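Observations on the three-dimensional arrangement
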Amino acid sequence: MKYTPPNKTISILTLSALAAFLVGCASSGDKSAPAPARSETSSRVATKFKADDGRTIEIGKRSSADGGWAFKEPHMDKCWIADGLDFTGYDGINIAPTLSTAKLHNDEEIRPHQLAKENLPMELERVLHNRGVFPGIVLRESDIKPGAKVLRMENTIIEYAKGGGGARYFVGLYGGGQPILRLQGKMIAGDKAVFTYEARRSGVSAGARMGGAFMKDEDIQIEDIRSFSLDLADFVSAISGKFQPR
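Residues numbered from 1 in each chain as written. Predicted model: local features only at pLDDT ≥ 70, side-chain atom pairs only at ≥ 80, totals over all residues. Heavy atoms only, no water.

Brief notes about the sheet that holds strand 12 (residues 244-245)
Consider a sheet: its strands pair through backbone hydrogen bonds, and that pairing is either parallel or antiparallel. Ordered in space as 2-1-12, the three strands form an open sheet in which the pairing is antiparallel. Bordering the open sheet on either side are strand 2 (56-58) and strand 12, each of which pairs with just one other strand. Examined bridge by bridge, strand 1 (residues 48-50) and strand 12 share two bridges and lie antiparallel to one another. Each residue of the ladder has a partner; that of Phe 49, found in strand 12, is Pro 245. (Pairing = 2+ DSSP bridges. Helix = DSSP H or I, 4+ residues; strand = E, 2+ residues; numbered from the N terminus.)

Structure follows, in structure tokens:
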């Protein structure tokens, strides 16, 4: 029988097809692999995040400013963090007693103004504790353990009004008669401010706008404090990586 050498063209085509098949399998395997839920790059440029309770929260776009990043945070008038800050790596945070430079309009504002000063640290402690960003949260500096690496949060009320039910009855829907609370705050590491912010709240809840005439000034005020505390905790959670980008 005469020997017939193998067809070289067919052999080459067969090998090429086999190689393409193997490469294709490898490529499809790469595509099906799950992408990391969070990357360092995406966490820094993302503007929207998914909160633990399912809400979509927004922290706004950022731009370079003063050795850090200024955010157009929709819930704050001003928001800046130092470059490299992600709120992690600390043993805890000390929320200092609230200060105030606000000018009161009458004696009736003395008591609710004092309540605002007292309630703000407690609400911040509650919501930040629930987020778990900081291992420890203390309201008194004396409770800081020796050698602990902590941030210090300082808040100052710079504008205040207790509001009035009479005005809310007629124009409460449009903001008239609502309590006013404007805050300036900062977090300090050592002797350097690493996070600064300013925010204003004035009857932000639906209840305050629709039925504020039948609510106490102090009840609307605590809702405003909780609104601010939640928004600040949302921002800290997003930057720290507790929330995933959307």
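That covers the picture; the talk isn't over yet.
Structural notes on the side chain of Asn 155
Of note, Asn 155 is situated in strand 9 (residues 150-161). Looking at Asn 155, the relative accessible area reads 1%, which means it is buried. Of the polar contacts made by the side chain of Asn 155, one reaches the side chain of Tyr 197; its length is 2.6 Å. When sequence neighbours within four positions are dropped, the list of residues in contact with Asn 155 reads Pro 97, Thr 98, Leu 99, Leu 120, Leu 124, Gln 184, Gly 185 and Tyr 197. (Buried < 20%, exposed > 50% of the residue type's maximum accessible area, 1.4 Å probe, protein only. Polar contact = N/O pair within 3.5 Å; in protein donor to acceptor, adjacent residues only side chain to side chain. Contact = heavy atoms within 4.5 Å.)

Some words on helix 3 (residues 110-131)
If you check helix 3, its first and last C-alpha atoms are 33 Å apart, about what 22 residues at 1.5 Å a residue would give, namely 32 Å. Maximal helix bending in helix 3 amounts to about 30°, located at Asn 119; proline Pro 121 follows within four positions. Among the residues of helix 3, those classed as buried are Pro 112, His 113, Leu 115, Ala 116, Leu 120, Pro 121, Glu 123, Leu 124, Val 127, Leu 128 and Arg 131. Contact partners of the buried residues in helix 3: strand 6 (92-95), strand 7 (99-100), strand 8 (137-138), strand 9, strand 10 (180-189) and helix 6 (217-240). Phi turns positive, to about 70°, at Gly 132, one or two residues after helix 3. (Expected span 1.5 Å × (residues − 1). Bend = angle between axes of the 7 residues up to and from the residue.)

Thoughts on the packing of helix 3 against helix 6
Contact pair helix 3 / helix 6: the axes reach a minimum separation of 9 Å and the direction vectors enclose 35°. Note on packing geometry: the crossing formed by helix 3 with helix 6 is right-handed. Counting all contacts with helix 3, which are made through Pro 112, Leu 115, Ala 116, Asn 119, Leu 120, Glu 123, Leu 124, Arg 126, Val 127, Leu 128 and Arg 131, the residues of helix 6 involved are Glu 218, Gln 221, Ile 222, Ile 225, Arg 226, Phe 228, Ser 229, Leu 230, Leu 232, Ala 233, Asp 234 and Ser 237. (Axes fitted to C-alpha atoms, helices over the stretch in contact; angles between N-to-C directions. Left-handed = near helix turned anticlockwise from the far one by under 90°.)

Observations concerning the nonpolar core
What tends to happen in soluble globular proteins is that the nonpolar side chains get buried as a cluster. In this structure, Phe 87, Met 187, Phe 195, Leu 232 and Phe 235 are the most contacted members of the largest nonpolar core, which totals 47 residues. Of the residues forming this core, the biggest block, nine residues, is contributed by helix 6. Ignoring anything within four residues of it in the chain, the contact list for Met 187 reads Phe 87, Ile 93, Leu 151, Arg 152, Met 153, Lys 192, Ala 193, Val 194, Phe 195, Leu 232 and Val 236. (Core = buried A, V, L, I, M, F, W, Y, C linked by side-chain atoms within 4.5 Å.)

What to know about the pairing of strand 6
The two faces of strand 6 match: Gly 92 and Asn 94 on one face and Ile 93 and Ile 95 on the other face are all buried. Examined bridge by bridge, strand 6 and strand 9 share four bridges and lie parallel to one another. Across the sheet, Ile 93 pairs through a bridge with Leu 151, a residue of strand 9. Note that strand 6 and strand 8 share two bridges and pair parallel. Across the sheet, the residue bridging to Asn 94 is Val 138, located in strand 8.

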